[in-house]
Amino acid sequence: MCCDDETPVDDLTYDATVSDTTSVSEPTVSGSLVTLTTTGAASGSTVVTITATDGGGLSTSTTFTVTVTSPVIASIADQTTDEDTPITVDLTVDYEGDIVVDAYETATGAGIVATADADASSVTVTPSADANGATEIVVDVYDAADSSIYASASFGFTVAAVNDPPTLDTPADVTIAEDHDATEVFITAADPGGGEDETDQTPTYIASSSDTTILPHPASTVSASALPLLPHPPPPAYAAPPLS
């Protein structure tokens, strides 16, 4: 019973305590409303005691048990992928309720990861463009209705360096006269490609002609800014021998 014949219900005062604050904090009481808050630290059970006191100082108590369960994330092995190659990692979570999953790179990762997208069954990690190196990915799993109930796991994430092909703007088409002197075609916007780890590479150039009867293969050169084009001279004129 919550009241007696001498004290109206509205005049009773209430108090609440818990036997163990590891999983549930001390309750707060407002009138006849008792609020319980999980600590988020661990799973476990605690006994809640509710005490009602009347105006004459008499009281009665009742108890009930609150059990808190946190999500359990299966261990995630360290992962390796190549530059610019996303990877999807399976995620196994043991929990009876609905969950919300978040994944992110730790602050020490130096921007190796562009995005880390997670749902209840997997985490997809996309490296930043041309980035490589090692970092750590953290996965947080929350109860959908109470974010204080959560679990975290992490795994190492390594992006292996890949030598990217150089980039080169296509030169404009060239028209030259027959038997003309060598004509230079300038190479512009040539880049070794890739990220900062490839900036010290120096591209080399090789040019070829699709028809060497008109234009010999241009001479190859190292770190060229221009390639010389020299057409074949026309064949010498043929003179018929005089008739005798």
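Before any of the text, the structure's been laid out above.
So, a few notes on the structure that sits alongside this text. Only a predicted model underlies this, so the values are computations on that prediction, with no experimental measurement involved.

1. Re the nonpolar core
Within soluble globular proteins, side chains that are nonpolar generally end up buried alongside one another.
Part 1 of the argument: In this structure, Leu-91, Val-125, Val-139, Phe-155 and Phe-157 are the most contacted members of the largest nonpolar core, which totals 20 residues.
Part 2 of the argument: The set of elements that each furnish at least two residues to this core consists of strand S8 (87-90), strand S10 (99-105), strand S11 (113-118), strand S12 (122-127), strand S13 (133-143) and strand S14 (150-160).
Part 3 of the argument: Counting residues per element, this core draws most heavily on S14, which supplies five residues.
Part 4 of the argument: Counting residues in hydrophobic clusters, the runner-up holds seven residues, among them Val-24, Val-48, Val-66 and Val-68.

2. Describing the packing of aromatic side chains
Part 1 of the argument: In the structure shown here, the tally under the stated rule is one aromatic pair.
Part 2 of the argument: Aromatic side chains Tyr-142 and Tyr-150 sit 5.8 Å apart centroid to centroid with 35° between the ring planes, which places their arrangement in the tilted category.
Part 3 of the argument: Assessed through its relative accessible area of 25%, Tyr-142 is described here as partly exposed.

3. Description of the sheet that holds S12
Part 1 of the argument: Judged by pairing direction, the sheet is antiparallel, and its three strands sit side by side in the order S8-S12-S11 without closing on themselves. If you trace the sheet from one side to the other, it starts and ends with S8 and S11, each paired once. The mean inter-strand angle of the sheet, taken between neighbouring strand axes irrespective of direction, is 20°.
Part 2 of the argument: Pairing of S11 with S12, which is carried by five bridges, proceeds in the antiparallel orientation.

4. Points about the pairing of strand S5 (residues 59-68)
Part 1 of the argument: The pairing of strand S4 (residues 44-53) with S5 spans 10 bridges and is antiparallel. Bridge pairing links Val-48 to Phe-64 in S5.
Part 2 of the argument: What sits between the antiparallel neighbours S4 and S5 is a turn of five residues, in which Gly-57 has the positive phi angle 90°.

5. A short note on unusual backbone geometry
Part 1 of the argument: Its identity as a non-glycine residue notwithstanding, Asp-84 has a phi of 60°, on the positive side.
Part 2 of the argument: Structurally, Asp-84 is set in the loop between strand S7 (79-82) and S8.
Part 3 of the argument: You will see that Asp-130, though not glycine, has its phi angle at about 65°, which is positive.
Part 4 of the argument: Note that Asp-130 resides in the loop between S12 and S13.

6. Concerning the side chain of Asp-143
Part 1 of the argument: By the secondary structure assignment, Asp-143 is in strand S13.
Part 2 of the argument: Asp-143 gets classed as buried once you look at its relative accessible area, which sits at 12%.
Part 3 of the argument: One polar contact links the side chain of Asp-143 to the main-chain amide nitrogen of Ala-145, over a distance of 2.8 Å.

7. Describing the side chain of Thr-81
Part 1 of the argument: Along the chain, Thr-81 turns up in strand S7.
Part 2 of the argument: Among the polar contacts listed, one links the side chain of Thr-81 to the backbone oxygen of Thr-85, at a separation of 2.8 Å.
Part 3 of the argument: When neighbours within four sequence positions are excluded, Thr-81 is seen to be in contact with Pro-86, Ile-87, Pro-127, Phe-157, Thr-158, Val-159 and Ala-160.

8. Here's the deal with the sheet that holds strand S1 (residues 13-18)
Part 1 of the argument: In spatial order, the strands read S1-S4-S5; together these three strands make up an open sheet with antiparallel pairing. Unpaired on one side and paired on the other, S1 and S5 mark the two borders of the sheet. Taking the axes of each pair of neighbouring strands and ignoring which way they run, one obtains an average angle of 20° across the sheet.

9. With respect to the pairing of S7
Part 1 of the argument: Taking every second residue as pointing to the same face, the buried face of S7 carries Gln-79 and Thr-81, while none of Thr-80 and Asp-82 on the other face is buried.
Part 2 of the argument: Here S7 pairs with S14 via four bridges, running parallel. Opposite Asp-82, over in S14, you have Ala-160 as the bridge partner.

10. Quick notes on the environment of Thr-38
Part 1 of the argument: As for its position among the elements, Thr-38 is in the loop between strand S3 (33-35) and S4.
Part 2 of the argument: Along the chain, Thr-38 and Val-68 lie 30 residues apart, while their C-alpha atoms are 7.5 Å from each other.
Part 3 of the argument: Among residues more than four places away in sequence, those in contact with Thr-38 are Ser-23, Val-24, Val-68, Asp-146, Ser-148 and Ile-149.
Part 4 of the argument: At a separation of 3.3 Å, a polar atom in the side chain of Thr-38 contacts the side chain of Asp-146.
Part 5 of the argument: Within the structure, Thr-38 has its side chain in polar contact with the side chain of Ser-148 (distance 2.5 Å).

Thresholds applied
- Residues numbered from 1 in each chain as written.
- Predicted model: local features only at pLDDT ≥ 70, side-chain atom pairs only at ≥ 80, totals over all residues.
- Heavy atoms only, no water.
- Core = buried A, V, L, I, M, F, W, Y, C linked by side-chain atoms within 4.5 Å.
- Buried < 20%, exposed > 50% of the residue type's maximum accessible area, 1.4 Å probe, protein only.
- Helix = DSSP H or I, 4+ residues; strand = E, 2+ residues; numbered from the N terminus.
- Phe/Tyr/Trp six-rings, centres within 6.5 Å; stacked < 30°, edge-to-face > 60°.
- Pairing = 2+ DSSP bridges.
- Axes fitted to C-alpha atoms, helices over the stretch in contact; angles between N-to-C directions.
- Polar contact = N/O pair within 3.5 Å; in protein donor to acceptor, adjacent residues only side chain to side chain.
- Contact = heavy atoms within 4.5 Å.

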